[in-house]
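Descriptive structure summary
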Amino acid sequence: MLRLPLFAAAVALAAPALAALPVGATAPDFSTQGAMAGKTFQFSLAKALKKGPVVLYFFPKAFTTGCTIETKAFADASADFAKAGAQIVGVAADPIEDLQRFSTEACRSKFPVAVASPKMIADYDVALPLMPRSNRTSFVIARNGKIAYMHSEMKPDGHITGTLEAVRALKGK
């Protein structure tokens with residue numbers, strides 16, 4: 001009999017029932033502790049939006065296979081996001097110490113990752129059933145604070161291409 005670890009089982013159960021804030025909704029504001037290149041800082045969505053659109057992606061857990069693949073793909077595309085005028089920030093319900101290391105190893109010091117609080121996870125409607133973590137959902141938040149794009153899928157495929165296309169579409173407006 002094959003037994004899945006609790007995390008894998010919860011992810012499998014969550015896959016068909018993903019929900020998230022829809023396009024057009026106002027993105028809930030938040031401030032949280034983040035890490036960039038191993039150094040901690042205070043991240044504020046409102047402050048980041050003053051500089052341009054924000055790609056906010058929730059991921060279940062640092063250093064898991066899918067989350068590392070997704071984060072490395074965002075790091076590989078970070079110059080394209082910057083050229084399109086967007087900032088990237090990944091968020092997970094992990095301790096800041098884990099995210100400090102993840103910010104250098106997976107993000108390759110190209111963008112920050114931050115702590116997703118239970119309130120943030122609830123506010124963005126990205127809770128992973130049976131666990132105090134988020135599912136895998138990516139948002140593009142326009143400068144006006146509205147959600148311009150949302151992609152919710154437990155596989156990392158499509159998160160980077162979809163968000164980059166949405167950011168480029170915003171730049172043309």
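For every chain, the first residue of its written sequence is number 1, and the numbers climb from 1 along that sequence. Where local features are concerned, this predicted model is filtered to residues with pLDDT of at least 70; where side-chain atom pairs are given and counted, the filter is 80 or more; whole-chain, interface and lining totals use all residues. Heavy atoms from the whole structure form the basis of all side-chain values; hydrogens and water molecules are not counted.

**Focus: the overall build of the chain**
- Put simply, DSSP H or I for four residues or longer makes a helix, DSSP E for two residues or longer makes a strand, and each gets a number counted from the N terminus. A tally of regular secondary structure across the chain gives 7 helices and 7 strands.
- The helix and strand sequence of the chain, counted from the amino end, reads α-β-β-α-β-α-α-β-α-β-α-β-β-α.
- Sorting the 173 residues of the chain into buried and exposed places 48% on the buried side.
- For the chain, the share of sequence-separated contacts (at least 6 apart) that also reach a separation of at least 24 residues comes to 69%.
- Residue exposure ignores everything except the shown protein chains as possible cover, and the areas themselves are Shrake-Rupley values with a 1.4 Å probe. As displayed, the chain has an accessible area near 8,300 Å², and 59% of this comes from carbon and sulfur atoms. Burial classes follow relative accessibility: with a 1.4 Å probe on protein chains only, a residue under 20% of its type's maximum area counts as buried, one over 50% as exposed, and anything between as partly exposed. In what follows, a contact means two residues having at least one pair of non-hydrogen atoms within 4.5 Å.

**Digging into the pairing of strand S1 (residues 31-36)**
- Note: S1 against strand S2 (residues 39-44), 6 bridges, orientation antiparallel. Each residue of the ladder has a partner; that of Gly-34, found in S2, is Phe-41.
- Of the strand pairs in this sheet, S1 and strand S5 (residues 113-115) are connected by 2 bridges, and their pairing is antiparallel. Looking at the pairing, Ala-35 lines up with Val-113 of S5. For two strands to be treated as a pair, DSSP must find no fewer than two bridges joining them.

**Considerations on the packing of aromatic side chains**
- When two rings of Phe, Tyr or Trp (its six-membered ring) have centres within 6.5 Å they constitute a pair, described as stacked for plane angles under 30 degrees, edge-to-face for angles over 60, and tilted for the intermediate range. Taken as a whole, this structure holds 12 aromatic pairs when the rule is applied.
- Look at Phe-30 and Tyr-124: their rings are 6.2 Å apart centre to centre, the planes differ by 80°, and that puts the pair in the edge-to-face class. Of this pair, Phe-30 sits in the loop between helix H1 (6-14) and S1 while Tyr-124 is found in the loop between helix H6 (118-123) and strand S6 (137-141), placing the two residues 94 residues apart along the sequence.
- Its guanidinium or amino end placed over the ring of Phe-63, Arg-101 lies 4.1 Å from that ring's centre, counting from NZ or CZ. By definition here, charges over rings are those cases where NZ of Lys or CZ of Arg is within 6 Å of the ring centre and within 35 degrees of the ring normal.

**Some thoughts on the pattern of salt bridges**
- In the sections that follow, a salt bridge refers to a side-chain nitrogen of Lys or Arg positioned within 4 Å of a carboxyl oxygen of Asp or Glu. In this structure the tally under the stated criterion is 6 salt bridges.
- The salt bridge partner of Lys-61 is Asp-94, with a shortest N-O separation of 3.8 Å. With Lys-61 in the loop between strand S3 (54-58) and helix H3 (65-76) and Asp-94 in the loop between strand S4 (87-92) and helix H5 (96-105), this pair connects stretches of sequence that are 33 residues apart.
- Accessibility expressed as a relative area gives 28% for Lys-61, which makes it partly exposed.
- Given the relative accessible area of 3%, Asp-94 is considered buried.
- Across the pair Arg-136 and Glu-70 runs a salt bridge whose closest N-O atoms are separated by 2.7 Å. A residue pair is termed long-range when its members are at least 10 positions apart, and Arg-136 in the loop between H6 and S6 and Glu-70 in helix H3 qualify at 66 residues.
- Here the salt bridges share partners, and the residues they tie into one network are Lys-61, Asp-94 and Arg-133.

**What about the nonpolar core?**
- The term nonpolar core refers to a set of buried residues drawn from Ala, Val, Leu, Ile, Met, Phe, Trp, Tyr and Cys, joined through side-chain atoms within 4.5 Å. In terms of nonpolar packing, the biggest core is built from 26 residues, with Val-55, Phe-59, Phe-74, Phe-81 and Phe-111 touching the most fellow members.
- Elements supplying a minimum of two residues to this core: S3, H3, S4, H5 and helix H7 (159-171).
- Setting aside residues no more than four positions away along its own chain, Phe-74 makes contact with Val-55, Tyr-57, Phe-81, Ile-88, Phe-111, Ser-138, His-159, Ile-160 and Thr-163.
- Counting 23 residues, the second-largest nonpolar core is a separate cluster that includes Ala-20, Leu-49, Val-89 and Ala-116.

**Some remarks on the side chain of Thr-64**
- Within the fold, Thr-64 resides in the loop between S3 and H3.
- A 3.5 Å cut-off defines polar contacts: any pair of N or O atoms within that distance qualifies, except that in protein one atom must be a possible hydrogen donor and the other a possible acceptor, and neighbouring residues in sequence count only when both atoms are side-chain atoms. A polar contact of 2.7 Å, which involves the side chain of Thr-64, links it to the backbone oxygen of Lys-61.

**Side note on the pairing of strand S7 (residues 147-152)**
- Looking at chain direction, S6 and S7 are connected through 5 bridges and run antiparallel. Across the sheet, residue Ser-138 finds its bridge partner in S7, namely His-151.
- In textbook terms, the turn of a hairpin is the stretch between consecutive antiparallel strands, and for S6 and S7 this stretch comprises 5 residues, one of which, Gly-145, has a positive phi near 85°.

**Quick look at the sheet that holds S5**
- Spatially, S2-S1-S5-S4-S3-S6-S7 is the arrangement adopted by the 7 strands of the open sheet, whose pairing is mixed. Two strands in the sheet have a free side with no partner beyond their single neighbour: S2 and S7. Neighbour to neighbour, the strand axes of the sheet diverge by 25° on average, direction disregarded.
- Where S3 and S6 come together, 5 bridges link them in antiparallel fashion. Within the sheet, the bridge partner assigned to Val-55 lies in S6 and is Val-140.
- For every element, the axis is a line fit to its C-alpha atoms; helices are fit only across the contacting stretch, and the angle between N-to-C directions ranges from 0 to 180 degrees. Helix-sheet contacts for H3 involve S3, S4 and S6, and the interaxial angle to S3 is about 165°.
- Here H5 sits on the sheet in contact with S1, S2, S4 and S5, set at roughly 40° to S1.

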